[in-house]
Protein chains: 2
Amino acid sequence: MAEPESATVDLEIIVQGAQEGKKLELRLWLRMLSTTKLISQEIRRRLRNEFGATLPQFDLMAQLYREREGLRLGELSKRTMVTNGNVTGLVERLEADGLVLRVTPDGDRRVTVAKLTAKGETSFSAMAAAHEGWLRDMMADVDPAVVSELWRDIGAVKSSVSNHLSGADFD
Amino acid sequence: MAEPESATVDLEIIVQGAQEGKKLELRLWLRMLSTTKLISQEIRRRLRNEFGATLPQFDLMAQLYREREGLRLGELSKRTMVTNGNVTGLVERLEADGLVLRVTPDGDRRVTVAKLTAKGETSFSAMAAAHEGWLRDMMADVDPAVVSELWRDIGAVKSSVSNHLSGADFD
DNA sequence: CGTAAACCTTTGACATTTCAAATGTTGCTC
DNA sequence: GAGCAACATTTGAAATGTCAAAGGTTTACG
């Protein structure tokens, strides 16, 4: 908790925004992480209580909702940032619930395409509407201009991180 | 030799036509979530490759490192935002690895206090130093002034969210 | 053709996550 | 003291998450 005291006082404060102590990036990261956890947990709780769904299922269905013809599992994996092995089980459970359908196209039998059923589309659009409202509620006290700034600046963070990954990987 | 599976980003695509005006909060949320996932996965990968540790273990040890006398499991649960049941298993595995010690104080036998062993302290401080450097690297392209702004504004988001939770919960 | 490389998905072992219910302990009240 | 509410942790079932390795299927090349 305690910051190391500096013997020389004034100079540091002048030099490029050295707010209070270093580790700015670390502090930002910790705050991002805790805030994201907080929001995730709230959304999870509401999805569960009001729709009996889970957040990963919601995310996966959101991708399929945008692509009505369906998506290959590998593509789903990239878009949801979920590992391939994980997508398999996720789709299995959604299929068991009648929300998603799995098809192997004639052209290439390596591939499995998942797409929403009619029931899945109905179910998702109800959740999506509620989901959007929850977020507006939760962020109600934040100035819309700040929301916009955050959106832009977090984009810069995301971009920087993407360029400094250890496993070569980018857009 | 299988490559690590997860790949590129996206996940911001739930929004339909919202490029220009509405659903600002939703778009911010999706960007926060994907950015946080991206950073988490990178940290996870490096913790695993360079230290053989997991992120939740690192988080838990970070709390114990700040409180050398140890923490009760319930307190650990709050600080790490991990459920009680989960803390039990995490501490169990860390204890099996000799990084953490569990003690039941004489005063109150309901309580279990976890604290770092000497080995745990050594191990953690090496990881913490590396961890801080990784974050500086990943955010290297972001203007420090922007990092500060983000830290402040995300604080505002967190505060707003805390005031609009359905369950009883705050910080 | 036949084989190897590349591709896509699944499987398996384990760690983490949540919720709900069960267990054990303490403190308070009557 | 006996009973009970409050507290702290553990347990159990189900889902999600990772990585690594194994299955099938094309595709390309000699």
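Structure: above.
Residues numbered from 1 in each chain as written. Chains lettered and ligands numbered in written order. Predicted model: local features only at pLDDT ≥ 70, side-chain atom pairs only at ≥ 80, totals over all residues. Heavy atoms only, no water.

1. Details of the protein's contact with DNA strand C
Here is the rule we go by: The near set for a molecule or strand comprises every residue that places at least one heavy atom within 4 Å of it. Each polar contact in these results corresponds to two N or O atoms within 3.5 Å; when the atoms are within protein, one needs to be able to donate a hydrogen and the other to accept it, and residues that are neighboring in sequence are counted only if both atoms are side-chain atoms. Helix and strand definitions follow DSSP, with helices as H or I runs of at least four residues and strands as E runs of at least two, each counted in order from the N terminus. Only Asp, Glu, Lys and Arg are considered charged, only Ala, Val, Leu, Ile, Met, Phe, Trp, Tyr, Cys and Pro nonpolar, and every remaining residue, Gly among them, polar.
Lining the immediate surroundings of DNA strand C are 25 residues, of which Leu73 and Gly74 of chain A together with Thr54, Arg93 and Arg109 of chain B lie closest. Sugar plus phosphate, as a fraction of atoms of DNA strand C within 4 Å of the protein: 77%. Within the contact set of DNA strand C, a phosphate oxygen lies 2.4 Å away from a side-chain nitrogen or oxygen of Thr54 of chain B. Elements supplying a minimum of two residues to the surface near DNA strand C: α2 (24–51), α4 (73–80) and α5 (84–96) of chain A together with α2 (55–66) and α4 (84–96) of chain B. Taken together, the residues of the surface near DNA strand C sort by class into five nonpolar, ten polar and ten charged.

2. Quick notes on the nonpolar core
Where we set the bar: To qualify as a nonpolar core, a set must consist of buried Ala, Val, Leu, Ile, Met, Phe, Trp, Tyr and Cys residues joined through side-chain atoms within 4.5 Å. The classification of residues rests on relative accessible area computed with a 1.4 Å probe and restricted to protein chains. Under 20% of the type maximum is buried, over 50% is exposed, and intermediate values are partly exposed. Any two residues having at least one pair of non-hydrogen atoms within 4.5 Å are treated as being in contact.
Ranked by internal contacts, the top residues of the largest apolar core, which has 91 residues, are Ile39, Ile43 and Leu76 of chain A together with Trp29, Ile39, Ile43 and Leu76 of chain B. In terms of residues, this core owes the most to one element, helix α1 (residues 24–51) of chain B, which gives eleven residues. Excluding residues within four positions of it along the chain, Leu76 of chain A makes contact with Leu60, Gln63, Leu64, Leu71, Val87, Val91 and Ala114 of chain A.

3. Let's talk about the relation of the copies chain A and chain B
Using the following cut-off: Superposition of the copies was done by least squares, using only C-alpha atoms of residues whose pLDDT is at least 70 in both.
Overlay of chain A on chain B (RMSD 0.1 Å): rotation 180°, translation along the axis 0.0 Å. Interpreted geometrically, this transformation is the action of a two-fold axis. Considering only C-alpha atoms, the part of chain A nearest the rotation axis is Leu150 of chain A, at 3.3 Å. By residue overlap, the copies meet face to face through one surface: 82% of the interface positions of chain A are interface positions in chain B.

4. Digging into the sheet that holds strand β3 (residues 113–116) of chain B
Through backbone hydrogen bonds, the strands of a sheet pair up, either in parallel or in antiparallel fashion. Residue and element names in this part refer to chain B. Short version of the rule: Between any two strands, at least two bridges found by DSSP are needed for them to pair. Here an axis means a line fitted to C-alpha atoms, over the contact stretch when the element is a helix, while the angle between two N-to-C directions is reported on a 0 to 180 degree scale.
Taking strand neighbours across the sheet as the criterion, the three strands line up as β1-β3-β2 in an open arrangement whose pairing is antiparallel. With one partner strand each, in any of the chains shown, β1 (71–72) and β2 (100–103) form the two edges of the open sheet. Alignment of β2 against β3, held across four bridges, turns out to be antiparallel. When the sheet's bridge partners are listed, Val103 is paired in β3 with Val113. Docked against the sheet, α4 engages β2 and β3, running at close to 120° with respect to β2.

Function cannot be inferred from these measures alone, as they are strictly geometric.
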